[in-house]
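Each chain is listed here by its residues.
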Amino acid sequence: MSARAPSRGAYRNPTSDKAGGDSSDDDGSPPKPSREHQADVDRASTLSNYDSDENQTDKNAEADEALDITKDIGKVSLGGGDGGEDQADASLSAAKQDESDHIYDYEDTPGLATLARWIQTGEVSNILVLSGAGVSCSAGIPDFRTPGTGLYDNLSKYNLPYPEAVFDINFYRRNSGPFVSLASEIWPGLHHSPTLTHSFVKLLDEKGLLLRNYTQNIDGLEILAGVSEERIVECHGHFRTASCVNCFSPHDGTKAKEEIVQNKRAPKCRRCKGPVKPDIVFFGEGLPDRFGRLLRQDLEVADLLIVMGTSLTVAPVSLIPTMVHDDCRRVLFNRELVGDFNPGQGQQRDIFGCGDIDGTVHELCEMLAWEQELHVQNKNTRIRQDNGAGGRRSSTMTDS
């Protein structure tokens, strides 16, 4: 991996930003702060909430209150953060559906060809990727909330008091059966292969362009695609390791998989005999420490942010696009425009690729002359369903 270039813009202290509202409102209320000022405030506030210098056990009551926002992150899905809704939103108009696979054609606005030029000429070299459920839908992994097909609409066989209970930490302590049954079906590496989009992230990594991939997903497809663990932040955790939900003692991940997938039962902690679960984020749990520790430094040097397949509704991950520096260019590959992305009006910062994400990625790779590499990479990471014990990846992959 090549060395990372320094950021082209200095990090601004929001307390020194003099931007504010231009005038008071018609009703005489005080002037509202500008969007730029508020973005700086949000940036500083979120980073302070995840300051890695603070020991988790020593946080005071005020910090604990600030971290309550991470309970929303416990609304884990195979794509986390409601992102799958972006891929199957029933309210999309027929006109927007017709525009799938195409970049929005705003006059005097940068498009997909502009993005390719930025990459080819080295104008961007420290790329942050923020991904949600939309990047995994073509792998056959459902989101949680899409009516009819979402996971929450298909949990009746587990006799849950409410659908979200399957990922509730207190419910798991009382009744681990529903999650164990579900986990044995969705465990990464058994049935679902990386998509072209995951392979694109792998290419960015190989070419020394990927600063970090912040993924809201727990499907592990980034790892299966071969992206180095160093370059991934799994905001909602993963299945590769496990720990006790009571005493938090680590548990062997391979043995946890064997107990859950093959024996269909929750592993027991050898220390306190409490139930063990994979290290994915449940309701009532906070984000991994790695999130806050790396986000601070990544925001300093990122010169391009690519957001793919997410509705940007679950904080704090949803705040990342507002936290990058003003000179960091931003790209959105999605079914619909989300967050504060603002393509058009002659601005040169935001690009919106509307439609199928794999299709948009494929078109970009054609422009970059990466198409053959993309397909070879993707083929080498497909799971072969040729044995009775579940899927098996290509021999080019190593087990995670």
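### Digging into the packing of aromatic side chains
Okay, step 1: In this structure the tally under the stated criterion is 8 aromatic pairs.
Okay, step 2: Arranged with centres 5.6 Å apart and planes meeting at 80°, the rings of Tyr-172 and Phe-179 form a pair that is edge-to-face.
Okay, step 3: An aromatic cluster is present here, built from Phe-167, Tyr-172, Phe-179 and Phe-282 joined pairwise through their rings.
Okay, step 4: Of note, Lys-277 hangs over the ring of Phe-282, and the distance from its end group to the ring centre comes to 4.6 Å.
Okay, step 5: In this structure, Arg-329 packs its charged tip against the face of Trp-118, placed 4.5 Å from the ring centre.

### Description of the pairing of strand β10 (residues 350-354)
Okay, step 1: The buried fraction of β10 amounts to 5 of the 5 residues, a majority that puts the element mostly inside the structure.
Okay, step 2: Alternating residues of β10 divide into Asp-350, Phe-352 and Cys-354 and Ile-351 and Gly-353, and every residue in both groups is buried.
Okay, step 3: Of the strand pairs in this sheet, strand β9 (residues 329-334) and β10 are connected by 5 bridges, and their pairing is parallel. When the bridges of β10 are listed, Leu-332 appears paired with Phe-352.

### Considerations on unusual backbone geometry
Okay, step 1: Look at the link from Ala-315 to Pro-316: it is a cis peptide, with omega at 5°.
Okay, step 2: Mapped onto the secondary structure, Pro-316 falls in the loop between β8 (304-308) and α11 (320-323).
Okay, step 3: Within the chain, Asn-159 stands out as a residue other than glycine whose phi angle is a positive 55°.
Okay, step 4: Take Asn-159: its relative accessible area is 68%, and that puts it in the exposed class.
Okay, step 5: Its identity as a non-glycine residue notwithstanding, Ala-369 has a phi of 60°, on the positive side.
Okay, step 6: If you trace the backbone, Ala-369 turns up in the loop between α12 (357-368) and α13 (371-379).
Okay, step 7: Judged by relative accessible area, Ala-369 falls into the exposed class, the value being 63%.

### Comments concerning the side chain of Arg-212
Okay, step 1: Turning to its location among the elements, Arg-212 is positioned in strand β3 (residues 210-215).
Okay, step 2: The class of Arg-212 is buried, set by a relative accessible area of 5%.
Okay, step 3: A polar contact of 2.8 Å, which involves the side chain of Arg-212, links it to the backbone oxygen of Glu-230.
Okay, step 4: A distance of 2.9 Å separates the side chain of Arg-212 from the side chain of Asp-298, its partner in a polar contact.

### Section: the confidence of the model for the protein
Okay, step 1: On average, the protein scores 77 in pLDDT, and the residues at 70 or more come to 66%.
Okay, step 2: Segment residues 50-107 is flagged for pLDDT under 50; beyond a separation of four residues in sequence, or across chains, it makes 132 contacts in the model.
Okay, step 3: Within the model, the stretch residues 386-400 combines pLDDT values under 50 with 32 contacts to residues more than four positions away or in other chains.

### Quick look at the environment of Val-361
Okay, step 1: Positionally, Val-361 belongs in helix α12.
Okay, step 2: In this structure, the C-alpha to C-alpha distance between Val-361 and Met-308, residues 53 residues apart in sequence, is 10.0 Å.
Okay, step 3: Each residue touching Val-361, except ones within four places of it in the same chain, is listed here: Leu-196, Thr-197, Phe-200, Met-308 and Phe-333.

### Side note on the sheet that holds strand β6 (residues 250-251)
Okay, step 1: As summarised here, the arrangement of the 3 strands in space is β6-β5-β7, forming an open sheet in which the pairing is antiparallel. A single partner strand is all that each edge strand has here, and the edge strands are β6 and β7 (276-280).
Okay, step 2: Alignment of strand β5 (residues 237-244) against β7, held across 4 bridges, turns out to be antiparallel. Within β7, the residue paired with Ala-242 across the bridge is Pro-278.

Rules and cut-offs
- Residues numbered from 1 in each chain as written.
- Predicted model: local features only at pLDDT ≥ 70, side-chain atom pairs only at ≥ 80, totals over all residues.
- Heavy atoms only, no water.
- Phe/Tyr/Trp six-rings, centres within 6.5 Å; stacked < 30°, edge-to-face > 60°.
- Lys NZ or Arg CZ within 6 Å of the ring centre and 35° of its normal.
- Buried < 20%, exposed > 50% of the residue type's maximum accessible area, 1.4 Å probe, protein only.
- Helix = DSSP H or I, 4+ residues; strand = E, 2+ residues; numbered from the N terminus.
- Pairing = 2+ DSSP bridges.
- Polar contact = N/O pair within 3.5 Å; in protein donor to acceptor, adjacent residues only side chain to side chain.
- pLDDT = per-residue confidence, 0-100.
- Contact = heavy atoms within 4.5 Å.

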